[in-house]
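Working through the structure, step by step
Now for the letters of each chain:
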Amino acid sequence: MKIIIAGAGAMGSRFGIMLHRGGNDVTLVDGWPAHVEAIRQNGLKANFNGEDITEHIPVMLQSEVKSDTKADLIILFTKSMQLAQMLQDVKPLIAENTKILCLLNGIGHEDTIEKYIPMKNIFIGNTMWTAGLVGPGEVKLFGNGSVELQNLGQDQEDAAKDLAKTLSESGLNAKYSDNIHYSIYRKACVNGTMNCLCSILDVNMAEFGATKPAHDIVVTVVNEFAAVAKHEGVDLDVKEVVEHVESCFDPDTIGKHYPSMYQDLINNHRLTEIDYINGAVSRKGKKYNIPTPYCDLLTQLIHCKEDILGAK
Ligand SMILES: NC(=O)C1=CN([C@@H]2O[C@H](COP(=O)(O)OP(=O)(O)OC[C@H]3O[C@@H](n4cnc5c(N)ncnc54)[C@H](OP(=O)(O)O)[C@@H]3O)[C@@H](O)[C@H]2O)C=CC1
Ligand SMILES: CC(C)(CO)C(=O)C(=O)O
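Each value, and the rule that gives it
- Residues numbered from 1 in each chain as written.
- Chains lettered and ligands numbered in written order.
- Predicted model: local features only at pLDDT ≥ 70, side-chain atom pairs only at ≥ 80, totals over all residues.
- Heavy atoms only, no water.
- Near = heavy atom within 4 Å.
- Polar contact = N/O pair within 3.5 Å; in protein donor to acceptor, adjacent residues only side chain to side chain.
- Areas by Shrake-Rupley, 256 points an atom, 1.4 Å probe, with all protein chains shown as cover.
- Helix = DSSP H or I, 4+ residues; strand = E, 2+ residues; numbered from the N terminus.
- Pairing = 2+ DSSP bridges.
- Axes fitted to C-alpha atoms, helices over the stretch in contact; angles between N-to-C directions.
- Contact = heavy atoms within 4.5 Å.
- UniProt positions renumbered as here; feature names shortened; annotations may be inferred.
- Phe/Tyr/Trp six-rings, centres within 6.5 Å; stacked < 30°, edge-to-face > 60°.
- Buried < 20%, exposed > 50% of the residue type's maximum accessible area, 1.4 Å probe, protein only.
- Core = buried A, V, L, I, M, F, W, Y, C linked by side-chain atoms within 4.5 Å.
- Parallel < 35°, antiparallel > 145°, perpendicular 65-115°, else oblique.
- Left-handed = near helix turned anticlockwise from the far one by under 90°.

1. Side note on the site of ligand 2
- Around ligand 2 sit Asn105, Thr130, Lys187, Val190, Asn191, Met194, Asn195, Met205, His257, Pro259 and Ser260, and those are all the residues in its vicinity.
- Asn191 has a polar side-chain atom sitting 2.9 Å from an oxygen atom of ligand 2.
- The fraction of the free accessible surface of ligand 2 (280 Å²) that becomes covered by protein chains is 96%.
- The biggest single contributor to the shell around ligand 2 is helix H6 (residues 180-201), with five residues.

Following this line, the structure appears as structure tokens:
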């Protein structure tokens, strides 16, 4: 299968490496020239569960995408704020039946994708895999993960199941979800707690989980997400979601991971996805007249930290 990874940062590199090793025809597309050049020159280097590997995968700069090949599948792995530009830039690779799978963190990306792609070809989901960029052309990958996905278009359930099968054949542990909006809100609760709190407190997920107030904060934030989700027809089971969030504290699974927001803001002084996570819940809360004080404050604190660190 001809697969394009659109956004080959930490997560795009993980999926690119695993799908390439699984025998797929993978091409990476990214907007960071130094990263693209490093991969082109030296291959994509990864510390993959403790082993140093180099995977030679074709790579294109986003601004230089050519239309000579069309993709069967494009997996979107940009940051939320880069999504629209990437969709614009990969247009030459899209044929009538090219499927688009969006696995970004955050809520509501389908509203952006629908402007570029016919509904029948859109698949959305989320992932519990983790990844970290060490530097241009180099990533660190450890731990296990999973993917959940579903079709947005009618009559595309079999295609969604086939997609999950393709990912699983490369070890990505993907499954079809019959209620992806639940899964996306549930994952947003993970990010709406771990990503901002680890960034503000300068800790990894296990260290945050070991603090006394951690549980109360998680419960309060999840309740705010649940109240907003209910207005959108998504009925979150708060107890189950809190347990899911707290499973990330385990240092033997992904607890030692510094969330992607930490990597952006603290390590690289880059702007964060907060407006697509807690910020999205704050905005929706205002729209539905639901108070979301923790999400409001967490969003503002992250924006303060972006200003303090001169994030770009
Ligand atoms: N990392 C993780 O563990 C997880 C991330 N996610 C989600 O996956 C999506 C992709 O995230 P992730 O893979 O972490 O993104 P990355 O930050 O690793 O990469 C995204 C893009 O940002 C730019 N970039 C990143 N770092 C630098 C840098 N130091 N200097 C210059 N440019 C840089 C590059 O593109 P450009 O030059 O075009 O800006 C890069 O392709 C997000 O929605 C994220 O929330 C989901 C689960 C886990
Ligand atoms: C790994 C996880 C679940 C942590 O919140 C994540 O999605 C991220 O790093 O953005």
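From this point, the narrative continues.
2. Brief notes about the sheet that holds strand E4 (residues 51-55)
- Read from one edge of the open sheet, four strands run E4-E3-E10-E9, paired in mixed fashion. If you trace the sheet from one side to the other, it starts and ends with E4 and strand E9 (132-135), each paired once. Each strand axis lies, on average, 30° off the axis of its neighbour in the sheet, ignoring direction.
- Where E9 and strand E10 (residues 138-141) come together, three bridges link them in antiparallel fashion. Paired with Gly132 across the strands is Lys140, a residue of E10.
- Along the sheet face, helix H2 (residues 33-42) touches strand E3 (44-48), E4 and E9 and points at about 90° away from the line of E3.

3. What about the UniProt feature "domain: Ketopantoate reductase N-terminal" (unreviewed entry) in the chain?
- Residues annotated by UniProt as "domain: Ketopantoate reductase N-terminal" (unreviewed entry) correspond here to residues 3-152.
- Across residues 3-152, helical content stands at 23% and strand content at 33%; the span's end C-alpha atoms are separated by 20 Å.

4. Observations concerning the packing of aromatic side chains
- Tallied over the entire structure, the rule returns three aromatic pairs.
- Ring plane angle 80° and centroid distance 5.9 Å describe the contact between Phe208 and Phe249, whose orientation is recorded as edge-to-face. A residue pair is termed long-range when its members are at least 10 positions apart, and Phe208 in helix H7 (residues 205-209) and Phe249 in the loop between helix H9 (238-247) and helix H10 (260-267) qualify at 41 residues.
- Residue class for Phe249 comes out buried when judged on its relative accessible area of 14%.

5. Topic: the nonpolar core
- Counting residues in hydrophobic clusters, the biggest one holds 45 residues, and the most contacted among them are Tyr185, Met194, Phe208, Phe225, Leu236 and Val245.
- Broken down by secondary-structure element, the contributors of at least two residues to this core are H6, H7, helix H8 (214-231), H9, H10, helix H11 (278-288) and helix H12 (293-308).
- Setting aside chain neighbours within four positions, we find Met194 in contact with Ser199, Met205, Phe208, Val245, Cys248, Phe249 and Pro259.
- Formed by 39 residues, the second largest nonpolar core is a distinct cluster that contains Ile39, Val59, Trp129 and Val147.

6. What about the UniProt feature "domain: Ketopantoate reductase C-terminal" (unreviewed entry) in the chain?
- The positions that UniProt labels "domain: Ketopantoate reductase C-terminal" (unreviewed entry) are, in the present scheme, residues 179-305.
- In residues 179-305, helix accounts for 69% and strand for 0%; the two terminal C-alpha atoms are 35 Å from one another.

7. Considering the pairing of E4
- Direction of pairing for E3 relative to E4: antiparallel, over a ladder of five bridges. In the sheet register, Lys45 faces E4, and the bridge partner there is Thr54.

8. Considerations on the packing of H6 against H12
- Interhelical geometry of H6 versus H12 gives an angle of 40° and a closest axis separation of 10 Å. Regarding the angle of H6 to H12, the classification is oblique. Taken as a pair, H6 and H12 cross one another with a handedness that is left-handed. On H12, the residues that touch Gly192, Cys196, Leu197, Ser199 and Ile200 of H6 are Leu298, Leu301, Ile302 and Lys305.

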